[in-house]
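A look at the structure
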There are 4 protein chains.
Amino acid sequence: MKIRVYFEDTDIGGIVYHSKYINFCERARSEVLFSNGLTPFDKESNSGYIVKDLSCQYINMATLGDILEIKSKIVSKSRVSFVLEQTIYKENSKIFSMEITLVYLKNSKPAKLDERFLELFYE
Amino acid sequence: MKIRVYFEDTDIGGIVYHSKYINFCERARSEVLFSNGLTPFDKESNSGYIVKDLSCQYINMATLGDILEIKSKIVSKSRVSFVLEQTIYKENSKIFSMEITLVYLKNSKPAKLDERFLELFYE
Amino acid sequence: MKIRVYFEDTDIGGIVYHSKYINFCERARSEVLFSNGLTPFDKESNSGYIVKDLSCQYINMATLGDILEIKSKIVSKSRVSFVLEQTIYKENSKIFSMEITLVYLKNSKPAKLDERFLELFYE
Amino acid sequence: MKIRVYFEDTDIGGIVYHSKYINFCERARSEVLFSNGLTPFDKESNSGYIVKDLSCQYINMATLGDILEIKSKIVSKSRVSFVLEQTIYKENSKIFSMEITLVYLKNSKPAKLDERFLELFYE
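Note that the structure is predicted; figures quoted are calculated from it, not measured. Counting restarts for each chain: residues are numbered from 1 in the order of the written sequence. Lettering of chains starts at A and numbering of ligands starts at 1, both following the order in which they are written. At least 70 in pLDDT is required for a residue's local features to be given in this predicted model, at least 80 for side-chain atom pairs to be given and counted, and no such filter applies to totals for whole chains, interfaces and linings, which use all residues. Excluded from the side-chain calculation are hydrogens and water; included are all heavy atoms of the structure.

**Structural notes on the pairing of strand β3 (residues 47-58) of chain C**
The line we're drawing: Here, a strand pair is defined by DSSP locating no fewer than two bridges between the strands. Helix and strand assignments come from DSSP, with helices taken as H or I runs of at least 4 residues and strands as E runs of at least 2, each series counted from the N terminus.
Relative to β3(C), strand β3 (residues 47-58) of chain B is paired through 5 bridges, and the arrangement is antiparallel. By the bridge assignment, B:Gln57 is partnered in β3(C) with C:Asp53. Bridge count between strand β2 (residues 41-42) of chain C and β3(C): 2 bridges; the pairing is antiparallel. Among the inter-strand pairings, C:Asp42 is bridged to a residue of β3(C), identified as C:Ser47. Linking β2(C) to β3(C), which pair antiparallel, is a turn of 4 residues; within it C:Asn46 sits at a positive phi near 50°.

Next comes the structure, spelled out in structure tokens:
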């Protein structure tokens, strides 16, 4: 998935605000689902994925007008959660990487992961 | 209500991103309600205020670290909606003004405004 | 320009947060420039476009996963500023429209508009 | 530092969007500086603090209207960087914790940390 950096993503330091990279990764995760007819959140069944923890490294900076590419793959999974590794590239150079643990909740309780969902993130 | 300008509010131009002033005004409206035991959105009764239109003037700029003051008053009202004038000041000088029309919805339909709500915004 | 609605764009009401539509329009304006080798802000010459005023109507709602289309055209212009009309469509139905006045600043002073810029927004 | 959760901070899931907690922590760090006459970013000397890495745990959720309290303390430091532990509480219960490494940059190069800055975050 490719994302353009706009004004709203930058801050007075002239670079992308640090938490925005985490939003970009969420967009990439969600886009994988949307483009496959799935959704990260379903209001009727009150189910969706929530973040349990995340850890990220800032390697280089992005700025206004940059086009960033985001790659996502699953590194491990349990019955109700999985760990995703997401990496952001700028002109083929890695600028940001994140490991994020997501838990699937149904009516606020952990529930069995949807296999279709996981397949989308396997290489 | 006073609001500090943080990194997330600024953009690469070194000033507050234009739509952020509109967020600041929403915070100010909501804070008036919260601090009086009311809420701008009630999940159980599925009711809340939505924006119908708004119009704003950008008079001067704010930047990182500035403390802004927001004043809100009702300029007109009907049975289901009202027009609020919100002004942002920086060191007693007006930098932004907005007129916004809000409609009260209950289960997605316009409903009679709560009088307690309106009283809070009268001078 | 097409924009997908992600989690970050929605609020607890289940719809797109009102000021986010204004961000979407900024993305659309900027994308027209970027994709033509221009930029809405140049750090070296300290020049760019700032918002003088805007006025918008909220016609219908968008929510998570929606794909929105944004159209932009100039409605009037002076030597240093211009008025742009931007409209957001969801499945060919208009859900938001905005008139926005932008002023071109060079070293914080109004400066003559770049004709190449204006041509991009004429139909 | 206390922060109120507003509409813009929530998402369609009815809770605070995950990266917003990281913004709240940035506000808290910056506020410590602002309220002591310092700044996290100085345009003239082109110096400021950038994020090198961060790691966070989501323990419980916050929602619209909640008042959150943020505590920050230094856990380690080197000549040019330091690690800050930031914790968010809701009604005295911990809902989020983060460890973040910040590097002090002057003209894009790591520079010696300001001792006054560090003192503000020691308990």
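**Topic: the interface of chain C and chain B**
By a widely used convention, the size of an interface equals the accessible area lost when the partners come together. As a reminder, the rule being used: What makes two residues a contact is simply this: any of their non-hydrogen atoms within 4.5 Å. Note on terms: buried area is the combined drop in 1.4 Å-probe accessible area of two parts once they are placed together, counting the loss on both. By definition, a salt bridge exists where a carboxyl oxygen of Asp or Glu is found within 4 Å of a side-chain nitrogen of Lys or Arg. What qualifies as a polar contact is a pair of N or O atoms within 3.5 Å, subject to a donor-acceptor requirement within protein and to the restriction that residues adjacent in sequence count only when both atoms come from side chains. Residues are sorted three ways: Asp, Glu, Lys and Arg are charged, Ala, Val, Leu, Ile, Met, Phe, Trp, Tyr, Cys and Pro are nonpolar, and all the rest, Gly among them, are polar.
With 22 residues of chain C at the contact, the number on the chain B side is 22 residues. Across the interface of chain C and chain B, roughly 1,800 Å² is buried in total on both sides, 66% from carbon and sulfur atoms. By the criterion of area lost to chain B, the three top residues of chain C are C:His18, C:Leu54 and C:Tyr58, representing 24% of everything that side buries. Our count for the contact surface shared by chain C and chain B stands at 0 salt bridges. The tally of links between chain C and chain B comes to 8 residue pairs in polar contact (both at pLDDT 80 or more). Among the elements that take part in the side of chain C that touches chain B, β3(C) stands out by supplying 9 residues, more than any other. Looking at side-chain class alone, the side of chain C that touches chain B contains 12 nonpolar, 6 polar and 4 charged residues.

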